[in-house]
Amino acid sequence: MTAGKVVVALTLSLGLASGLALADSGTGAATVSAAAPAAAGLFAKPLTLRGTLGNARIEMHLQLKPDPTEGIEGSYVIAGQSAKILLAGESENTDVVMEESLNGKDVSGEWTGSLVGNTFSGTWSTTDDAVTKPFVLVVQAPAQAAHSGK
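Everything quoted here is computed from the prediction, not taken from an experiment.

The rules behind each value
- Residues numbered from 1 in each chain as written.
- Predicted model: local features only at pLDDT ≥ 70, side-chain atom pairs only at ≥ 80, totals over all residues.
- Heavy atoms only, no water.
- Helix = DSSP H or I, 4+ residues; strand = E, 2+ residues; numbered from the N terminus.
- Buried < 20%, exposed > 50% of the residue type's maximum accessible area, 1.4 Å probe, protein only.
- Contact = heavy atoms within 4.5 Å.
- Areas by Shrake-Rupley, 256 points an atom, 1.4 Å probe, with all protein chains shown as cover.
- Pairing = 2+ DSSP bridges.
- Axes fitted to C-alpha atoms, helices over the stretch in contact; angles between N-to-C directions.
- Salt bridge = Lys/Arg side-chain N within 4 Å of Asp/Glu carboxyl O.

**Digging into the overall build of the protein**
From N to C terminus, the protein includes 5 helices and 8 strands. A total of 150 residues make up the protein; the buried ones form 35% of that total. Residue pairs in contact within the protein that sit at least 24 positions apart in sequence constitute 35% of those at least 6 positions apart. When the accessible surface of the protein is summed, it comes to about 8300 Å², and 58% of that surface belongs to carbon and sulfur atoms.

In structure tokens form, the structure reads like this:
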């Protein structure tokens, strides 16, 4: 059982693409689904988060995928822009790893961080790690998220 936890942690630290490669190795299939209970706990209800990505203000929405064993999905918007940037990833314990896409097909960035209490923080990077930015997002209370325009 401990070996499974090590493989899950390794999968998350290597990123989503590496996790998919491990899933095809035979022993990784159980590892990928092992992340689902943790994701179900953190993302039992859809989350709205607000904060900063580098110097930009953003609002992010995250939820479980329709099949929770497949991880989490969502999107974010940069303040002052209308384009939604799509997100998909996995969660294990407090660790969250996601890839983003501007067009729904190509990966444009990677998010690696931890959701501890009501704060999601970590590092965003381009796929080649040429650009990295810190992020700090705070989970909004449901009433706050619903009445953000007031």
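Structure shown, so let's carry the discussion forward.
**Focus: the environment of Val97**
Looking at the secondary structure, you find Val97 in strand E5 (residues 95-101). Sequence separation of Val97 and Thr123 is 26 residues, and the distance between their C-alpha atoms is 10.0 Å.

**Some points on the environment of Leu102**
You can see Leu102 is positioned in the loop between E5 and strand E6 (109-116). For Leu102, a relative accessible area of 59% gives the class exposed. Excluding anything up to four places from it in sequence, Leu102 contacts Ile85 and Ser108.

**Some details on the sheet that holds strand E8 (residues 132-139)**
Around the barrel, which closes on itself, the 8 strands sit in the order E1-E2-E3-E4-E5-E6-E7-E8 with antiparallel pairing between neighbours. Neighbour-to-neighbour, the strand axes of this sheet turn through a mean angle of 30 degrees, independent of strand direction. Two elements, strand E7 (residues 119-125) and E8, share 7 bridges in a ladder whose sense is antiparallel. Bridge pairing in E8 links Ser125 to Thr132.

**Quick word on the pairing of strand E3 (residues 72-78)**
The side chains of a regular strand alternate, first on one face of the sheet and then on the other. Alignment of strand E2 (residues 56-64) against E3, held across 7 bridges, turns out to be antiparallel. Across the sheet, the residue bridging to Leu62 is Gly74, located in E3. Relative to strand E4 (residues 85-92), E3 is paired through 5 bridges, and the arrangement is antiparallel. Within E4, the position partnered with Gly74 by the bridge is Leu87. The loop that links E3 with its antiparallel partner E4 comprises 6 residues; one of these, Gly80, has a positive phi angle of about 90 degrees.

**Notes on the pattern of salt bridges**
With the rule as written, the count across this model stands at 1 salt bridge. When the shortest N-O distance is used, the salt bridge between Glu59 and Arg50 registers 2.6 Å.

**Concerning unusual backbone geometry**
Phi angles above zero are rare outside glycine, and Asn93 is one such case at about 55 degrees. In this structure, Asn93 sits in the loop between E4 and E5. For Asn93, a relative accessible area of 54% puts it in the exposed group.

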